[in-house]
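Understanding the architecture of this molecule
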Amino acid sequence: MIFLATIFLKTMHISRLLPLCSALLLTLISSHIYAAAIYPINDASILAGSKFDIKVELNGVINQDELQIQINGAPVTKFVNAKPEFIANENGKGSSIIFRDVQIAKPGKYSMTASSPQERLQVSWDVYASGPRRVKNVILFIGDGMTIANRTAARVLSKGITEGKYQGKLSFDDMPNIALIGTSGSDSLITDSANSMSAYTTGHKTAVNAMGVYVSRATDNLSHPKVETIAELIKRNTKMSVGIVSDAELEDATPAAVVSHTRRRADKQYIADQLLVSGAEVILGGGSAYFYPQSTKTSKRKDDKNLVEAFKSDGYQTVFTKQELLKASEDKSTKKLFGVFHPDNMDGSLDRLFLKKNTVAEFPNQPDLTEMTQSAINVLSKNPNGFFLMVEAALIDKFNHPLDWERAAFDTIMLSNAVQIAKDFAKTHPDTLIIVTPDHTHSGSIAGVVNDAKAGPLREKVGTYADAGYPNYPKANVEGYPNQMDVSKRLAFFYGAYPDHYETMHPKLDGTFVPAIKGEGGNFVANSKYLQQQEDAIHVGGNLPSQQDTGVHTADDAVLSAIGPGSEKFHGFMDNTEVFKVMVESLGLGRQ
Ligand SMILES: [Zn+2]
């Protein structure tokens, strides 16, 4: 009885019950009972006509003819053409069955049951239609890890603030529609960029490190039950173009989740292969190491495939510097554009435009996110059928992790500039929906102003409340950046989740902050380089586990801003899977 009851709980309600009665359940049952499952999971929302895999995992080992699967009382075969794959005993954990490429055309409530002589599983799904297409283009900007304080810091630096009033707004500040987005995944309160972006691109929840799949008990990363991405839906059902732009490696989680299906975001060679077969007309970013054969010096591939050559023979213009990018994007004959500008993540705007630190000397010709955005729009907008473009400002997250708020703020300004390009495009193409959203947040906050003129040790220089006054950054240049960060009155920007580190309250002018390094015994300890540089730096004992060398993502809501037809659907608090829903409804991708 307990056995059956707990299986039922697992599929129906266990996520809600767990906080209340996990201790009770754990004392009653052994953990292997949790293995029984159906994917898509209970409460999943599924776009009518989209492709997805159904997987049933039983605890018992049975013959296939003992398994009965029904959807709304009818045999599952009514919805499935392909022959299912039955696994008699998957990894010694029980019998499984997988139906690939299932489609449900009719919207409504669906209940699926799987019964064997010993077990009964049940899930409910909501299948929704999209209605007719309402927009020609969708541009989705991801400010990776952009928390509210990144946005505020960018506005202070870029626009200035006098007697309480900002002297201007970021480009996404005046978008008419705003929503708070919940970012948690199917497995955990705290998300990573793989599963949070996957929620945006598929409308389904998944687990940390996974994209385009539900995480089942399969051991092979690529055989988990798949769900279709918005780029795949577009390519299968329309003549629209697709663009993918990121200043991270193009194999990094956010761009990868537009086209890939893997349990592990670290499958970067596979992800590069998926970018090639995706048919996306514009692909621009970092991560060239996975596009070149292993014999090449900077290659990270484990085979001899040359994807750059493959893109060329597929008719792509290939570009490797900012100059080549701008030339190709202005060339009227460019229909498909592939550009990689760095073997790894690209450099951020503070380094590229001002400090010339990190890898800027080695790679001096990297384009700005604005140039990649403009080039992508130039090429994609040639398609009279419209386009879907994803642009990621990836480095906001890459700089929040090591508690380097100044670099994160500069890249938030860069994101604002890139969004302005899309808004300018939408002025002449009003049938464009523009969405700007983080995929998750970080723990930063602005607590006051550090004033070097105050007496006493470093912490006494932090002014709070009336004592904070205002910082004295120079007025920003025409691109929105102040040309000096090490001013005498600076933002006191503090992160709330951190490893051991030295707090210097100064910008890191010699390269991205490295808060913690491995100490004796393998735990991460504060990087003493910063104490050597600045003898009044404050040692801060970490509040994260000692194996953590950087700050971490947080469950705080992400703030989404949107403009254009369909953007009015963004309001209040929404789940991240609903961002997918608004996009596919706007593009009419779920017609019966
Ligand atoms: Zn991150």
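Residues numbered from 1 in each chain as written. Predicted model: local features only at pLDDT ≥ 70, side-chain atom pairs only at ≥ 80, totals over all residues. Heavy atoms only, no water.

1. Things to note about a nonpolar patch on the surface
Counted only if it meets this: Residues enter a patch when their relative accessible area is above 30% and they make no salt bridge; the linking distance is 9 Å between like charges and 5 Å between nonpolar side chains (Val, Leu, Ile, Met, Phe, Trp, Tyr). Computed with a 1.4 Å probe, the accessible areas rest on the Shrake-Rupley method; for each residue, only the protein chains presented here act as cover. Here, a salt bridge means any side-chain nitrogen of Lys or Arg that lies within 4 Å of a carboxyl oxygen of Asp or Glu. By the criteria applied, helices consist of DSSP H or I runs no shorter than four residues and strands consist of E runs no shorter than two, each listed in order from the N terminus.
Taken together, the side chains of V514, I517 and V525 present a nonpolar region at the surface, about 190 Å² in accessible area. The topology assignment puts V525 in strand β25 (residues 524–526).

2. What about the environment of K205?
Defined as follows: Partly exposed describes any residue whose relative accessible area lies between the buried limit of under 20% and the exposed limit of over 50%, with all areas from a 1.4 Å probe on protein chains only and scaled to the type maximum. For this analysis, residues touch if any pair of their heavy atoms sits within 4.5 Å. In protein, a polar contact requires one atom able to donate a hydrogen and another able to accept it; more generally it is a pair of N or O atoms within 3.5 Å, and residues adjacent in sequence count only if both atoms are side-chain atoms.
Looking at the secondary structure, you find K205 in the loop between α4 (193–202) and α5 (230–237). For K205, a relative accessible area of 18% translates into the label buried. Beyond its immediate stretch of four places on either side in the chain, K205 contacts G182, S184, G185, S186, Y214, D575, N576 and T577. In terms of polar contacts, K205 uses its side chain to reach the backbone carbonyl oxygen of S184, at 2.8 Å.

3. Considerations on the coordination of the zinc ion
Angles at a metal have ideal values that depend on geometry: 109.5 degrees with four tetrahedral donors, 90 or 180 degrees with six octahedral donors. Worth spelling out the cut-off: Excluding water, the donors of a metal are its N, O and S neighbours within 2.8 Å, or within 3.2 Å for Na, K and Ca, and that exclusion means sites may look incomplete.
D397 (OD), D397 (OD), H401 (NE2) and H553 (NE2) make up the full set of protein donors to the zinc ion, lying at 2.0 to 2.4 Å. By relative accessible area, D397 is classed as buried at 5%.

4. Things to note about the confidence of the model for the protein
To be explicit about the condition: Here pLDDT means the predictor's own confidence in every residue, given as a number from 0 to 100.
In the predicted model, the protein carries a mean pLDDT of 94, and 94% of its residues have values of at least 70. Confidence drops under a pLDDT of 50 for residues 1–33, and excluding neighbours within four residues, the segment shows 45 contacts in the predicted structure.

5. As for the environment of M505
Relative to the assigned elements, M505 resides in the loop between β23 (501–503) and β24 (516–518). Through-space distance from the C-alpha of M505 to that of K427 is 42 Å; in sequence the pair is 78 residues apart. If sequence neighbours within four positions are ignored, M505 has contacts with V450, L458, R459, V462, R490, F494 and I538.

6. Thoughts on the pattern of salt bridges
Taken as a whole and assessed by the stated rule, the structure comprises 29 salt bridges. Between E568 and R134 there is a salt bridge, with its nearest N and O atoms 3.1 Å apart. Taken together, the residues span a long stretch of sequence, with E568 in the loop between β27 (558–563) and β28 (573–575) and R134 in the loop between β9 (120–128) and β10 (137–143) at a distance of 434 residues. The residue K235 makes a salt bridge to E281 at a minimum N-O spacing of 2.6 Å. Of this pair, K235 sits in helix α5 while E281 sits in the loop between α7 (268–277) and β15 (282–286), placing them 46 residues apart in sequence. Taken together, the shared-partner salt bridges connect K55, E57, E90 and R217 into one network.

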